[in-house]
Every structure is written in C-alpha cells, then in structure tokens.
Amino acid sequence: MIEPLAKELNDILDGTTPGELLSDVGRRLYFPKGIIAQSAEAKQLGKTANGTIGMTVINGTPAVLPSVQRIVPGMSPRELVAYAPTAGNPDLRAIWKENIIRKNPLLKGKSISLPVLVPGLTAGISYMSDLFLDETKPLVAADPSWDNYVLIASARRNAGFIQFPMFKDGAFNIAGFEETLTRQAQKDGSVRVLLNFPQNPSGYSPTVEEAKKIVSIIKKLADEGKKVIVWDDDAYFGLNYEKDVEPQSLFAYLADLSPNVLAIKIDGPTKEDFAWGFRAGFITFGCKGLTDAQYDALVKKLMGAIRSSVSCASTPPQSLLLKAFNDPNVENEKAEFRKVLEKRYNAVKQFTQSHTSSELEVLPFNSGYFMSFHTKTVDAEVLRQTLLKDRGIGTIAIDAHTLRVAFSSLEEDLIATVYQAIYDVAEELSH
C-alpha cells in the first residue's frame, strides 16, 4: 500500500534515475503533513499562540535547566534544548553547501541539492540503504571495506554485498572496478556502488589519473543507458598527504555527469572538523537534469526516513558547529590538527618503507586516518589478539587477512614501538 503522499513524490521522480532505482522502502517513504509540518507552519504564522510542539515554553523561550545552562553559558536555550528541524538547522545546511562548493570548485554553477543533516555519516549510509537497497538491489563496494557497510546493506536491508579487490600492483584496481560494475549493470541495467575516499580501512585515495579513470568508467556505463548510483562516502575528505592525490571529491565530477548517474555525497564535520561525537553528517544529491521539484521530492523521501527513525538530529552539535564555522580562526585551527596527522602519516610511511616482512604486505595508503596490512598466512584476528594480550597494543582485524592501524590515534613517539611490535609478532606467528 503506497500512501498518497508517497505516490505524489514517486510521480515527481518518475523517469529520473533516483525515481527508477528506489527500493521497496524508498517508494513507500514520504514526509508526513503531520505534527512536524504543521508545527513549522505554526512557527511562521502562529503569532498569537503556538500550541503545536511538545516543549515547555516559558516567556516565549524553551525551558532549560539552570544546571545545564550554566555549563554552556554562551548558548541560548533555543540553541541548547529546542528541537531541530527534521532536515537540520537551515543556516548550517546553507553554510555546509557553501563549504562543499569552496572545497570542490568543479561544483560551482552545478545544480545540487541543499545538504540534509543526518545524525552521523553512518545514519546517512543507512538512510541511503533504505531508499535504494533491498533484496533485489545489491550494493557494490571495495574489498577490504569498513565492516559497517555489509552490516547495513545485508543485515538491515537484506541486500547483496558485492566486492571488488581494491588494489592491484600497488594501485587502485581500475580493471577490477570496471569489470565488477559492468557485470552488475548488465544483470538488470543498473548498479549501486559505494566509494569511500580516503578509504577505511586502507587509508587510500585515488590519484588524479585514477580518479579520471573511475569517472570515465561510470560515464561509459551511463552512456550505454545503464542507471548508476554512486555513494561518495567522504568521511575523511581533505585529509590528503601526497601531491598526486585527487584533491576534489568524486561527487564534484559525478554530480552532473549524466541524467543516468545519481551522485550522493555523504560527508560531515565528524572527521573533517575533529568533532567525532557530535554525530552530525550531511547528505547531498547531484544528478544532471533534476529539477528543483525533483530534488525537493528526493529530500522529502530522505526526511521521511529521518522522521520515521530518530525524528531529528541533536540540536546542540548543530548550534556549536554553526558558531564554529562562523569563527574566522576555524580554518587555521583545523590546519594545525591536520599537520599533526600528516606528521604521524609520514612517520608510519617512513617506518613501513624501511622495514620488510615475509608475513605482512602494506596496503597502499596516502590519506585519512588509517593504514592496513594484508597478512599472508597469519589470521588477522590472531595477530590482533596477540598484540593486545602480549604487547598491550590495540588494532583492528577487519577480516581474516586485513589488520587496520589508526595512526591518527597514535602519538608520534609511539609509532616506531607499535609498528615494530606488529612486525615482530606477525613474524613470530608465521613460524
């Protein structure tokens, strides 16, 4: 049973790539003209009184416990405890869009949606899975991948999870990427692919030349009439440490590549702006030829997913971020932290380039928070447990042959100690 409001949105999106590739849930989702919508109207027009929202209001201001207000004296009660709009603080959404275009100059003049705020990038990936994945619509991703991708796609949405080997001969596996996408697109005329750069767990981003090839593969499929959705998980965007790394998001190239390509940028300040626990992410859509009404319909589908799960994201992080983004010192402050990360990256790079192991293969890395080892004969989980129990060193076993190390959380003077232990224990376990 499709609700009339959902059918209205489906009709608006009819004939477009997002409209054709909606999942079963995606087709059913809509933003109700219920409490939230009616409250928004009352906020504008209810000048005499507003009896719509479930908040305690005293003298026109949301009530806030003095014990809470004292902790954050520089913020108003409304910035602290009032409900945020379902799609997020509109001023924050606008400034994030400005920042996306500033950081990705290719987007200037291109038609993209206003970013929608979601409670963390994981939530954004989950919502996109609601909209576009089901048991007949699988997701393509790299191998290795962040373990939450398969949990969201397969466990939550019962969708297939198809992986291509990410690396070949020390570089991004262009041939494997193309073969996997082409094979999948030929099955039913469409493909949904998630690209995460800088990548978790490998810490790799494509070079300028690799990025061009990735885009050309997607364009070739689109030119053949295949429908393609590309999810750009840009959680670690901008944290590049080598000169040949593509500086812009693939979203900048894909947002108006073809009417047959829907690009979805999933990003946020959690990693970029060192605000991990704020759980604030953004979803931005780009598709050549989409009208404002069609973007609005797609955003309303997403708002329906938000409303039916968490209702809205937390207000204080949005208020804090808006204040921070308007601070003239914020970019310089971030640059200082990025220097710290780059120094740690260089220390890890120097160590791994000067050490060899018969058991460990260093996966390519040039960006982000992480790097990973491929273990040849040793089980990565055994290596992880031994490092933890015998050496007191925490790492992550992504799968049986991938050990991830977050150099972002390692003090620089500990890096040689940690990596020497990894090499030593791997060697011991291999005999």
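Now for a description of the structure that goes with this document. Source: prediction; values computed, not measured.

### A closer look at the overall build of the protein chain
Then, number 1: When helices and strands are tallied, the protein chain shows 18 helices and 15 strands.
Then, number 2: By the compact-globule yardstick of 22 Å for 431 residues, the protein chain fits well, its C-alpha radius of gyration being 23 Å.
Then, number 3: Expressed along its principal axes, the backbone C-alpha trace of the protein chain runs to roughly 80 × 60 × 40 Å.
Then, number 4: By the burial criterion, 53% of the 431 residues in the protein chain qualify as buried.
Then, number 5: Within the protein chain, counting contacts between residues at least 6 apart in sequence, those at least 24 apart form 71% of the total.
Then, number 6: For the protein chain, the exposed surface amounts to about 19200 Å²; the carbon and sulfur share of it is 53%.
Then, number 7: Computed over 47 positive and 52 negative side-chain charges, the inter-centroid distance for the protein chain is 6 Å.

### Thoughts on the nonpolar core
Then, number 1: With 73 residues, the main nonpolar core has M128, F132, W231, I264, F285, Y419 and I422 as its most contacted residues.
Then, number 2: The contacts of M128, once residues within four sequence positions are left out, are L133, W231, I264, I266, I283, F285 and L302.

### Section: unusual backbone geometry
Then, number 1: P144 follows D143 through a cis peptide bond whose omega is 10°.
Then, number 2: By the secondary structure assignment, P144 is in the loop between β4 (139-143) and α9 (147-156).
Then, number 3: The peptide bond linking N200 to P201 adopts the cis configuration, its omega dihedral lying at 25°.
Then, number 4: Structurally, the position occupied by P201 is in the loop between β8 (190-196) and α11 (208-223).
Then, number 5: Phi at N59 is positive, roughly 55°, even though this residue is not glycine.
Then, number 6: Along the polypeptide, N59 turns up in the loop between β1 (57-58) and β2 (61-62).
Then, number 7: Here N59 falls in the exposed class, since its relative accessible area comes to 77%.
Then, number 8: One non-glycine residue with positive phi stands out, namely S311, at about 75°.
Then, number 9: Within the fold, S311 resides in the loop between α14 (292-307) and α15 (315-325).

### Concerning the side chain of D234
Then, number 1: Relative to the helices and strands, D234 resides in the loop between β9 (227-233) and α12 (250-254).
Then, number 2: Sequence-distant contacts of D234, that is, excluding residues within four places in its chain, are made with F197, S249, K265, I266, D267 and E272.

### A short note on the sheet that holds strand β12 (residues 360-362)
Then, number 1: Pairing is antiparallel across the open sheet formed by 4 strands, whose spatial order is β12-β13-β15-β14. Bordering the open sheet on either side are β12 and β14 (396-399), each of which pairs with just one other strand. Strand after strand, the sheet turns through a mean of 35° between neighbouring axes, direction not considered.
Then, number 2: The pairing of β14 with strand β15 (residues 402-406) spans 3 bridges and is classified as antiparallel. By the bridge assignment for β15, D399 is matched with T402.

### Regarding the packing of aromatic side chains
Then, number 1: In this structure the tally under the stated criterion is 21 aromatic pairs.
Then, number 2: Relative to Y204, the ring of F167 has its centre 5.4 Å away and its plane inclined at 90°; by these criteria the two rings are edge-to-face. On the criterion of sequence distance, the pair formed by F167 in strand β6 (residues 167-168) and Y204 in the loop between β8 and α11 is long-range, its members being 37 residues apart.
Then, number 3: A relative accessible area of 6% means that Y204 is categorised as buried.
Then, number 4: Between F373 and Y419 the ring centres are 6.0 Å apart and the planes differ by 55°, which places this aromatic pair in the tilted class.

### Things to note about the side chain of E359
Then, number 1: Summarising the element assignment, E359 is placed in the loop between α16 (330-354) and β12.
Then, number 2: Within the buried core, E359 has no salt-bridge partner, and the shortest N-O distance to an opposite charge, that of K376, equals 7.3 Å.
Then, number 3: Within the structure, the side chain of E359 is placed 2.8 Å from the backbone nitrogen of V378, a separation counted as a polar contact.
Then, number 4: In contact with E359, not counting residues within four places along its chain, are H374, T375, K376, T377, V378, A426, E427 and S430.

### A short note on the packing of helix α1 (residues 4-13) against α14
Then, number 1: Remark: α1 packs on α14, axes separated minimally by 9 Å, with the N-to-C direction vectors making an angle of 140°. Between α1 and α14, the crossing angle belongs to the class labelled oblique. For the pair α1 and α14, the sense of crossing is left-handed. Along the contact surface, α1 presents A6, L9, N10, I12 and L13, while α14 presents A293, Q294, A297, L298, K300 and K301.
Then, number 2: Classifying every residue of the contact of α1 with α14 gives 7 nonpolar, 2 polar and 2 charged.

### Considerations on the pairing of β4
Then, number 1: Burial within β4 is extensive, with 4 of its 5 residues counted as buried.
Then, number 2: Pairing of β4 with strand β5 (residues 161-165) involves 5 bridges; the strand directions are parallel. Bridging across to β5, A141 finds its partner in Q163.
Then, number 3: A crossover connection joins β4 to the parallel β5 through α9; in handedness this β-α-β unit is right-handed.

### As for the environment of D232
Then, number 1: Mapped onto the secondary structure, D232 falls in strand β9.
Then, number 2: Sequence spacing of D232 and L250 is 18 residues, and the spatial spacing of their C-alpha atoms is 6.9 Å.

Calculation notes
- Residues numbered from 1 in each chain as written.
- Predicted model: local features only at pLDDT ≥ 70, side-chain atom pairs only at ≥ 80, totals over all residues.
- Heavy atoms only, no water.
- Helix = DSSP H or I, 4+ residues; strand = E, 2+ residues; numbered from the N terminus.
- Rg over C-alpha atoms; globule rule 2.2 N^0.38 Å.
- Buried < 20%, exposed > 50% of the residue type's maximum accessible area, 1.4 Å probe, protein only.
- Contact = heavy atoms within 4.5 Å.
- Areas by Shrake-Rupley, 256 points an atom, 1.4 Å probe, with all protein chains shown as cover.
- Lys, Arg positive; Asp, Glu negative; His and termini not counted.
- Charge placed at Lys NZ, Arg CZ, Asp CG, Glu CD.
- Core = buried A, V, L, I, M, F, W, Y, C linked by side-chain atoms within 4.5 Å.
- Pairing = 2+ DSSP bridges.
- Axes fitted to C-alpha atoms, helices over the stretch in contact; angles between N-to-C directions.
- Phe/Tyr/Trp six-rings, centres within 6.5 Å; stacked < 30°, edge-to-face > 60°.
- Salt bridge = Lys/Arg side-chain N within 4 Å of Asp/Glu carboxyl O.
- Polar contact = N/O pair within 3.5 Å; in protein donor to acceptor, adjacent residues only side chain to side chain.
- Parallel < 35°, antiparallel > 145°, perpendicular 65-115°, else oblique.
- Left-handed = near helix turned anticlockwise from the far one by under 90°.
- Nonpolar A, V, L, I, M, F, W, Y, C, P; charged D, E, K, R; others polar.
- Right-handed = clockwise from strand over helix to strand, strands pointing away.

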